[in-house]
Amino acid sequence: MTTHALDILGIGNAIVDVLARSEDAFLARHGMAKGGMALIGPAEAERIYGDMGPGVESSGGSAANTCAVAAALGAKVGYLGKVADDGLGQVFRHDITAAGVHFPTAPLVGGAPTARCLILVTPDGQRTMNTFLGACVTFGEADLDEASIAAAQVTYLEGYLFDPPAAQAAFRAAARIAHAAGRKVAITLSDPFCVERHRDAFRAFVRDEADILFANEAEICALYQTDNFEAAATIAQSEVGLAALTRSEKGSLVLTATTAHEVAAEPTKVVDTTGAGDAYAAGFLAALTAGHELAACGRWASIAAAEAIAHFGARPQADLKALVKG
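Okay, so let's go over this structure.

### Considerations on the overall build of the chain
Consideration 1: Secondary structure summary: the chain contains 13 helices and 14 strands in total.
Consideration 2: What you see for the chain is a C-alpha radius of gyration of 18 Å, in line with the 20 Å of a compact globule of 326 residues.
Consideration 3: With the C-alpha coordinates aligned to their principal axes, the bounding extent of the chain is approximately 50 × 40 × 40 Å.
Consideration 4: Taken over 326 residues, the chain has a buried fraction of 57%.
Consideration 5: The contacts of the chain with a sequence gap of at least 6 include a subset with a gap of at least 24, amounting to 72%.

Printed below as a string of structure tokens:
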């Protein structure tokens, strides 16, 4: 794929997901907070992995999931993220390329191994994530593909990657490149705990660099330090040009400075919530870059999210193009 053809360019933590079913007792035994995401070291990663049941391995990470879903919807997509020159790195590269995503980032040689996320899905469909970041934390400005950023309608940044200082600098550099080319910058807050760690930096980025904001109810409330969703939404409306705020079964709210669109959740049976927000962002951005109105963008987003939670794993299993046309 040539870089001049991109609709969306994602930048995030390149992680191999290991997804397995689990009982609540497993979570309790390992001291996990159900439904959350915890950063773990290599020793704990080995311990949890050794205790997990049979798992499915695939390329993952929040922005990578978004890119794969957007590609399934027909968008022309690229992705930047760091893997190691190892077996899991090869799994990641093969999977994301096979999904139709351009992946030009060179692998890390001689450093930390490829990141992995151990995802436990309990019978109620909740996913609990344990992430060893490994090689992906080495991503920095040198890994930015300026041609791809300048060519993409939207550069989509993953909040999980905000932890390392080098990545924060890369985000700001990517925003400068995108805006200099007349392009848009989107960011997803990813996780309320991530927001708590870097609230001031996130607020500054959302206010000064972002054109589009994705967040769920817990994340947007954490960003603006309030328990009131409506109050948080009002602040977001004043600080960013376009915000898409999700509320699980309550649907989502799409905001501009002067408009508000309430979008209903698409009815579905919840099997596994892994990747719901990633798929929502994918549907929204695929529709937006195809020229659709905001109400239609919200509809595509809800359909993509519903498809994601209706099966095990974050990648689409149904024909998303057919679903959004229905």
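Having seen the model, we can carry on.
### Some remarks on the pairing of strand β14 (residues 260–263)
Consideration 1: Alignment of strand β13 (residues 252–256) against β14, held across 4 bridges, turns out to be antiparallel. Pairing of Ser-252 across the sheet is with Val-263, part of β14.
Consideration 2: Between the antiparallel neighbours β13 and β14 lie 3 residues.

### Re the packing of helix α11 (residues 276–289) against helix α12 (residues 294–309)
Consideration 1: The geometry of α11 relative to α12 is characterised by a closest axis approach of 7 Å and an angle of 145 degrees between their N-to-C directions. Crossing of α11 over α12 shows right-handed handedness. Seen from α11, the contacting residues are Ala-276, Ala-279, Tyr-280, Gly-283, Phe-284, Ala-286, Ala-287 and Leu-288; seen from α12, they are Leu-294, Ala-296, Cys-297, Gly-298, Trp-300, Ala-301, Ser-302, Ala-304, Ala-305, Ala-308 and Ile-309.
Consideration 2: Here the residues of the contact of α11 with α12 are counted per class, giving 16 nonpolar, 3 polar and no charged.

### Some words on the pattern of salt bridges
Consideration 1: Applying the stated criterion to the full structure yields 11 salt bridges.
Consideration 2: We note a salt bridge from Glu-44 to Arg-47, for which the minimum N-O separation is 3.5 Å. Residue Glu-44 and its partner Arg-47 are located together in helix α2 (residues 42–51), separated by 3 residues, close to a single helical turn.
Consideration 3: Its salt-bridge partner being Lys-82, residue Asp-143 comes within 2.9 Å of it at the nearest N-O pair. Highlighted residues: Asp-143 in the loop between β8 (127–132) and α5 (146–151) and Lys-82 in the loop between β5 (77–80) and α4 (87–98), separated in sequence by 61 residues.
Consideration 4: Its relative accessible area of 9% is what places Lys-82 among the buried residues.
Consideration 5: Within this structure, Asp-24, Lys-34 and Asp-124 form a network of salt bridges that share partners.

### Considering unusual backbone geometry
The phi angle of most residues is negative, glycine excepted, and most peptide bonds adopt the trans form.
Consideration 1: Positive phi, close to 75 degrees, is recorded for Ser-190, a residue that is not glycine.
Consideration 2: Along the chain, Ser-190 turns up in the loop between β10 (184–188) and α7 (192–197).
Consideration 3: Its identity as a non-glycine residue notwithstanding, Gln-225 has a phi of 50 degrees, on the positive side.
Consideration 4: In this structure, Gln-225 sits in the loop between α9 (217–223) and α10 (229–239).
Consideration 5: By relative accessible area, Gln-225 is classed as exposed at 59%.

### Quick notes on the pairing of β8
The side chains of a regular strand alternate between the sheet's two faces.
Consideration 1: Burial analysis of β8 places 6 of its 6 residues in the buried class, the great majority of the element.
Consideration 2: The two faces of β8 match: Arg-127, Met-129 and Thr-131 on one face and Thr-128, Asn-130 and Phe-132 on the other face are all buried.
Consideration 3: Sheet topology note: the strand β3 (residues 37–39)/β8 ladder contains 3 bridges and is parallel. Looking across to β8, one finds that Met-37 is bridged to Met-129.
Consideration 4: With 6 bridges joining them, strand β7 (residues 115–121) and β8 adopt antiparallel strand pairing.

### Overview of the sheet that holds strand β4 (residues 56–60)
Adjacent strands of a sheet pair through backbone hydrogen bonds, lying either parallel or antiparallel.
Consideration 1: Pairing is mixed in the open sheet, where 5 strands are placed in the order β3-β8-β7-β2-β4. Strand pairing shows two members of the sheet lacking a second neighbour, β3 and β4, which therefore form its edges. Each adjacent strand pair in this sheet contributes to an overall mean axis angle of 25 degrees, direction not counted.
Consideration 2: For strand β2 (residues 15–21) and β4, the ladder comprises 5 bridges, and the chain directions are antiparallel.

### Digging into the side chain of Glu-239
Consideration 1: With respect to the helices and strands, Glu-239 occurs in helix α10.
Consideration 2: Overall, Glu-239 belongs to the buried group, its relative accessible area being 18%.
Consideration 3: Only 3.2 Å separates the side chain of Glu-239 from the side chain of Tyr-224, close enough to count as a polar contact.
Consideration 4: If we skip the residues at most four places from it in the chain, Glu-239 touches Arg-203, Val-206, Arg-207 and Tyr-224.

### Some thoughts on the nonpolar core
The nonpolar side chains of a soluble globular protein tend to be buried with one another.
Consideration 1: Membership of the largest hydrophobic core comes to 46 residues, with the highest contact counts inside it found for Val-77, Tyr-79, Phe-92, Tyr-156, Phe-214, Tyr-280 and Phe-284.
Consideration 2: Excluding its chain neighbours within four sequence positions, the residues that come into contact with Tyr-156 are Ile-8, Leu-9, Gly-10, Ile-11, Ala-63, Thr-66, Ala-186, Thr-188, Phe-214, Ala-281 and Leu-285.
Consideration 3: Residues Leu-6, Leu-80, Ile-187 and Leu-245 belong to the second largest nonpolar core, which totals 45 residues.

### Let's talk about the packing of aromatic side chains
Consideration 1: Applying the stated criterion across every chain yields a total of 10 aromatic pairs.
Consideration 2: Aromatic pair Phe-214 and Phe-284: ring centres 5.5 Å apart, planes at 85 degrees, arrangement edge-to-face. Note that Phe-214 is positioned in strand β11 (residues 212–216) and Phe-284 in helix α11, a separation of 70 residues in sequence.
Consideration 3: Here the aromatic residues Tyr-156, Phe-214, Tyr-280 and Phe-284 are joined through ring pairs into a cluster of three or more.
Consideration 4: Cation over ring: Arg-247 sits above Phe-229, and NZ or CZ is 3.9 Å from the ring centre.

Here is what the cut-offs are and how they apply
Residues numbered from 1 in each chain as written. Predicted model: local features only at pLDDT ≥ 70, side-chain atom pairs only at ≥ 80, totals over all residues. Heavy atoms only, no water. Helix = DSSP H or I, 4+ residues; strand = E, 2+ residues; numbered from the N terminus. Rg over C-alpha atoms; globule rule 2.2 N^0.38 Å. Buried < 20%, exposed > 50% of the residue type's maximum accessible area, 1.4 Å probe, protein only. Contact = heavy atoms within 4.5 Å. Pairing = 2+ DSSP bridges. Axes fitted to C-alpha atoms, helices over the stretch in contact; angles between N-to-C directions. Left-handed = near helix turned anticlockwise from the far one by under 90°. Nonpolar A, V, L, I, M, F, W, Y, C, P; charged D, E, K, R; others polar. Salt bridge = Lys/Arg side-chain N within 4 Å of Asp/Glu carboxyl O. Polar contact = N/O pair within 3.5 Å; in protein donor to acceptor, adjacent residues only side chain to side chain. Core = buried A, V, L, I, M, F, W, Y, C linked by side-chain atoms within 4.5 Å. Phe/Tyr/Trp six-rings, centres within 6.5 Å; stacked < 30°, edge-to-face > 60°. Lys NZ or Arg CZ within 6 Å of the ring centre and 35° of its normal.

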